[in-house]
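In case you want the letters, here they are:
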Number of protein chains: 2
Amino acid sequence: MATPKPERKIAESYVDVLIIGAGPAGVMAAMALNKAGVSVRIVEQRDDIIQAGHADGIQPRTLEVLHSYGLGEVSLKRHAAFYQAAFYAPDSEGVMTVSHPAFRCKLISDSAQATNHQGAIEQVFIELMRAEGLEVQRSTVPTSLEIAADDDKLKDPHAYVHKIVLHKKDQSDPLATEVVHSKFVLGADGAHSWTRNQLDIRMEGDSSDAVWGVLDIEAETDFPDIHNQCFLHSEHGAIIIIPREDNLVRIYVQQPPAAVESLIDPATGRVDRKRTSVSRLLEQTRRVFAPYHVDVKNGKIDWWTVYVVGQRVADRYSVNNRAFIAGDACHTHTPKAGQGLNASMNDSHNLAWKLAYVLRGWGNLSLLSTYEAERRAIAQKLIAFDRKYSKFFDKPRSDTNLAGVDTAEFHQAHLTLTGFISGIGIRYNSSLIASEHQALAHKLVLGERMLPHYFCGSADARPVELHDLLPSDTRFKILVFGGDVSIREDKARLRANADALESPRGFLRRLGRGRERGQWEVFDLLCFTSAKLAVHEYLDFPQFFREDWKRVLADDTNVSTRQGGGGYEHFGIDPRKGAIVVVRPDGYVSQIAPLDGVDVLDNYFDSFLI
Amino acid sequence: MATPKPERKIAESYVDVLIIGAGPAGVMAAMALNKAGVSVRIVEQRDDIIQAGHADGIQPRTLEVLHSYGLGEVSLKRHAAFYQAAFYAPDSEGVMTVSHPAFRCKLISDSAQATNHQGAIEQVFIELMRAEGLEVQRSTVPTSLEIAADDDKLKDPHAYVHKIVLHKKDQSDPLATEVVHSKFVLGADGAHSWTRNQLDIRMEGDSSDAVWGVLDIEAETDFPDIHNQCFLHSEHGAIIIIPREDNLVRIYVQQPPAAVESLIDPATGRVDRKRTSVSRLLEQTRRVFAPYHVDVKNGKIDWWTVYVVGQRVADRYSVNNRAFIAGDACHTHTPKAGQGLNASMNDSHNLAWKLAYVLRGWGNLSLLSTYEAERRAIAQKLIAFDRKYSKFFDKPRSDTNLAGVDTAEFHQAHLTLTGFISGIGIRYNSSLIASEHQALAHKLVLGERMLPHYFCGSADARPVELHDLLPSDTRFKILVFGGDVSIREDKARLRANADALESPRGFLRRLGRGRERGQWEVFDLLCFTSAKLAVHEYLDFPQFFREDWKRVLADDTNVSTRQGGGGYEHFGIDPRKGAIVVVRPDGYVSQIAPLDGVDVLDNYFDSFLI
């Protein structure tokens, strides 16, 4: 008896945000929006998570961002980390050697860089999402995207303006076709983004002619720095080494110019992995490494590829602030400085809280324009950096090649570029970043991420890392550096500041929504005194700041751990004058005001919050 | 129609270790044995986990022990922590005041003390056990314990010498009665231990006449140190304050001698909670606090009780090394120094690896004698400490009471006692602790826990906290401090040391069982050079130590984190002479030998391993 053919149904559903693509940008956006309580779906055409290779570097700033979502520890624990870089070049006799002992240097102060294969990095997000009830819907391909033409609809953030048709790869599934209506769409579908094509967004820029091979292997070698990041310059090309999880090492090996043509598939014009091989890449590696030898240990070749460096940025990041792209869909560049995955995740980190604000009715659609303003500028800087950095991978300077790269110069450049490479030096510029009162906290740069620093609980002297008080919970953090509460005038001024903050006309009460234990839905209030623990009591803070006693802190050293102290100085804040510092939900310093200038904050928040 | 009465079946089962009682000693033992792969069951008569109150303090050494089982972070994250202590007494006019600003002091260097209600502390263990497939069997009461009389059986660690009958409280359960045969029994069933009675073990010592009340409340107060540990001395009695989770505070309030009699139930001779009340305890608290006021906030009274201080130690901890008792079943003392839960957990921590060794056939039954030898001596010290410490809670010294307590003296005594209170100063003495070569590492005390210290990976300069390399995995850790590998003689001596360790006659190959990546089943090998990173390479270590490159370390400072350096000096080891340090599976330094004295270790391990 023939089984009756199942009736084909087309499911239809509604969601606030549909994310297309579950790579680093996609899972970061899905995790952040889901955590913020936004209704979100994420679809991916791959059937499974990536098992090896691809992007692998998590920079210090990205680790901070992960930490702010509660994912920092699991990331550091699961991934490999490295702490120093070594620089190698041929000596005067042409023998590869560490160019100077001092060239084995730190990467960036106080931070390691973490590495793992891309799938393992994504897995951390996927697990958190799963624990909170959100799954990536795999084996699913979007086939059409229609955006409402109605202008009124487009201006209404609660209108379902998108209609996306999704197809399951398994066409025998009775629900193989689905229509999704969404308020917003995020295309995080990679360098060859389908979403970007649908939105008619074009990539600007071009490919460089540098082709690199990549090998993820366990290495059997007498090279003494195999467990550090290394840069090797040689007549035979450059190599970059990145330590990885499970004793793996990633080797980037520059392809000889002569060989580049043979790697290109004439039919597509693209570099083709099939035109080379692991043994070819190993051979090239060995030429650069000599006199050190290198071989594959335990037969462990985890992944390998060849790629050409494209340096392109999308001409727009959004259409009407309703459809967005993020990650590789927006920008492609060399992986040499380990930026790709980081730039992608930080795109989504930047966008997520803004989308949450608009969907909650806390901000206008125009708030979303700052996403492109901020992140596209970073991508352009990244390309500029990339061009500059790539030049350092030319052949080493020698008597016969005076125009070549001097390792000492490269080393120096590397040090000055760490701010950018680490992501710590990223500076935003948009309507959300104020500028007038920078001088009041002159070492906290407006538009840059808030500096980490230890303070002490005023009531219990517990050491607190400031970043632990700045979670990515979509709240603006209002940091009141209240001066010295052990001095009468400062105490009175802080009292006046509290009164202004508490005023019905102030931003907290007008825009803050519900309040519980000293926190508003929109704002989180913290107060820091410059007074030492020995000369004040936590009861010296106005009651307004003490609603939660853990939110009043002192700029002093913890008796046990010796952490803390010098915070006002570190931030460039006068210990008697104080300042109010606003940190955005994504951790960036966006406004600085004097203690008696609560109206500065009123105006600031009125400019984009509703 | 009547349902047929289910047929009563008596289940019979076999297990290596049966634990009676799921308090702190019981869950620690169950977790540790289960983690070691031992077949274990744990039964408890309570129906549910304790929801509030009871023991609540986790001392720094216990936090280290939890860390060694991978439970340190979750403990610190979930529990409250406090960092300083304040000392209050009446001033010359009789007004309660902080006795000296400097008396707000650290508790113990580099460590907080964690607190939570007992159930929450136990929960951490229960969750880990559950994740590994072991559940506490609740509502279950043991009713008889028979021990085989056969001497041959008693000497055979693999014989099921115990027959225990268990009853479920719910007698309608068809499996209400069960007979368990076990090789070992551990009674962790509290101060009124059923197991102890079955084993005919007697408690020695008596009760003090001090009676204290305990209140776990949220406090509304103008007392400035409510979030710190505090000691208040007054004419009205003493108070101890312990900060707790969820804004709770624990208040220990001494009962006035005149009131003590009225608290005793003449029928039982025991202190009876029903004879006082929360308001009575609060009243007493207020008398001591005056002129500060104190009240219950948000109506939050989490738990309260009164107790009399018993100071007793069991005369034996074991019968035939087959049945053991641990925790409150072995010792009772004042909770004032927060030792109870800590002593209990550390009993089990001491016993667990020894039981695992005997069950695996790696050690003789006599190894188990060291449990009583080591832990009973600690309990006796605890009682002696308790007697001394309790005197400090007499009335304060004054013009009319010259024999009273001087707060400055108490403060001083408190500082000298922190080694004991924190658990860091615990020193074992038994046949497992050697003594001859103490001078080679004179700051590591034989019998005390290994000192924590940061070292750097020789290959990658990553900072490593030594305790992270000493997990409670039942392995002995062999720490080879190999001298300066950048100097030829030292390198040659380390090579000779490796040869001796590798020799077929050496303890590693004779007693170590299987080896994988530089670790044996019984031993874990780590090598530390005194050479700075800049003057050596990790390839300078003999290959024998480099089987796992992460196990060769340098006594130097990490370039990024500034952690590490000075380890040899910190341990009192000559940077050229070196030493071998043996750390037991439970983290205690048990043997020190010269680099050319591998035979010292051979003899040592031959004395108790088989």
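Residues numbered from 1 in each chain as written. Chains lettered and ligands numbered in written order. Predicted model: local features only at pLDDT ≥ 70, side-chain atom pairs only at ≥ 80, totals over all residues.

Caption draft 1: Representation of the overall build of chain A in the model. The number of helices and strands found in chain A is 15 helices and 29 strands. Against the compact-globule benchmark of 25 Å for 610 residues, chain A has a radius of gyration of 26 Å, which places it among compact chains. Taken along its principal axes, the extent of the C-alpha atoms in chain A is 80 × 75 × 45 Å. Across the 610 residues of chain A, 51% fall into the buried class. Put simply, 71% of the contacts in chain A that link residues at least 6 apart link residues at least 24 apart. (Helix = DSSP H or I, 4+ residues; strand = E, 2+ residues; numbered from the N terminus. Rg over C-alpha atoms; globule rule 2.2 N^0.38 Å. Buried ≥ 20, exposed ≤ 12 C-beta atoms within 10 Å, placed from the backbone. Contact = placed C-beta atoms within 7 Å.)

Caption draft 2: Local environment of the domain arrangement of chain A. If you check the domain split of chain A, you get domain 1 (11-79 + 113-203 + 314-382), domain 2 (206-311 + 396-422) and domain 3 (438-606). Computed from C-alpha coordinates alone, the two centres of domain 2 of chain A and domain 3 of chain A are separated by 48 Å. (Domains from an automatic or database assignment.)

Caption draft 3: Representation of the pairing of strand β12 (residues 177-187) of chain A in the model. All names here are of chain A. Here 9 bridges tie strand β1 (residues 11-20) to β12, and the two strands are oriented parallel to one another. Counterpart to A11 in the pairing with β12 is E178. Relative to β12, strand β11 (residues 162-168) runs antiparallel, the two sharing 6 bridges. By the bridge assignment, K163 is partnered in β12 with H181. Where β12 meets strand β19 (residues 323-325), 3 bridges bridge the pair, whose relative direction is parallel. Counted as the bridge partner of G187 is I325 from β19. (Pairing = 2+ DSSP bridges.)

Caption draft 4: Spotlight on unusual backbone geometry. Residue and element names in this part refer to chain A. Omega for the peptide link from A290 to P291 comes to 10°, which places this bond in the cis form. Positive phi, close to 55°, is recorded for D246, a residue that is not glycine. By the secondary structure assignment, D246 is in the loop between β15 (239-243) and β16 (248-254). The phi angle at R513 is positive, at roughly 60°, despite the residue not being glycine. Relative to the helices and strands, R513 resides in the loop between α13 (507-511) and β24 (515-516).

Caption draft 5: How the structure looks around the sheet that holds strand β4 (residues 80-82) of chain B. Residues and elements named next belong to chain B. With respect to topology, 3 strands assemble into an open sheet ordered β3-β8-β4, the strand pairing being antiparallel. Bordering the open sheet on either side are β3 (57-58) and β4, each of which pairs with just one other strand. As defined by bridge partners, β3 adjoins strand β8 (residues 113-115) across 2 bridges and the pair is classed as antiparallel. Considered in β8, the bridge of I58 is made with A114.

Caption draft 6: Layout of the nonpolar core. By size, the foremost hydrophobic cluster in this structure holds 130 residues, and its most contacted members are V581(A) and A29(B). In this view, V581(A) contacts A441(A), L444(A), L479(A), F481(A), V589(A) and I592(A); residues no more than four positions away in its chain are not counted. Core analysis: the second largest hydrophobic core is formed by 129 residues, I19(A), L33(A), I42(A) and A531(B) among them. (Core = buried A, V, L, I, M, F, W, Y, C linked by C-beta atoms within 7 Å.)

Caption draft 7: Region of the structure containing the sheet that holds strand β4 (residues 80-82) of chain A. If you walk across this open sheet you meet the 3 strands as β3-β8-β4 (chain A), and the pairing is antiparallel. Two strands in the sheet have a free side with no partner beyond their single neighbour: β3 (57-58) and β4 of chain A.

Caption draft 8: Here's a closer look at the confidence of the model for chain A. Averaged over every residue, the pLDDT of chain A is 91; residues scoring 70 or more account for 97%. Across the interface, the model reports ipTM at 0.86; the global pTM reads 0.90. (pLDDT = per-residue confidence, 0-100.)

Caption draft 9: Highlighting the packing of helix α1 (residues 24-35) of chain A against helix α4 (residues 118-131) of chain A. All names here are of chain A. Across the interface, α1 lies against α4 with an axial gap of 9 Å and an inter-helix angle of 25°. With respect to each other, α1 and α4 are oriented roughly parallel. Judged by the twist between their axes, the crossing of α1 over α4 is left-handed. Between α1, through P24, V27, M28, A30, M31 and N34, and α4, the contact on the second element is made entirely by I121, E122, F125, I126, L128 and M129. Residue classes in the contact of α1 with α4 are distributed as 10 nonpolar, 1 polar and 1 charged. (Axes fitted to C-alpha atoms, helices over the stretch in contact; angles between N-to-C directions. Parallel < 35°, antiparallel > 145°, perpendicular 65-115°, else oblique. Left-handed = near helix turned anticlockwise from the far one by under 90°. Nonpolar A, V, L, I, M, F, W, Y, C, P; charged D, E, K, R; others polar.)

Caption draft 10: Helix α15 (residues 598-606) of chain A, seen in detail. All names here are of chain A. If you check which residues of α15 are buried, you get V598, L601 and F605. Seen along its axis, α15 keeps its buried residues to an arc of 55°; they face one direction. Those residues of α15 hidden inside the fold are in contact with α12 (488-502), α13, β28 (579-583) and β29 (589-593). (Arc of directions from axis to C-beta.)

Caption draft 11: Summary view of the environment of D151(B). All names here are of chain B. The residue D151 is located in helix α5 (residues 151-155) in this model. Classification of D151 as exposed rests on a count of 9 C-beta atoms within 10 Å. Measuring from C-alpha to C-alpha, the distance between D151 and D406 comes to 58 Å, with 255 residues separating the pair along the chain.

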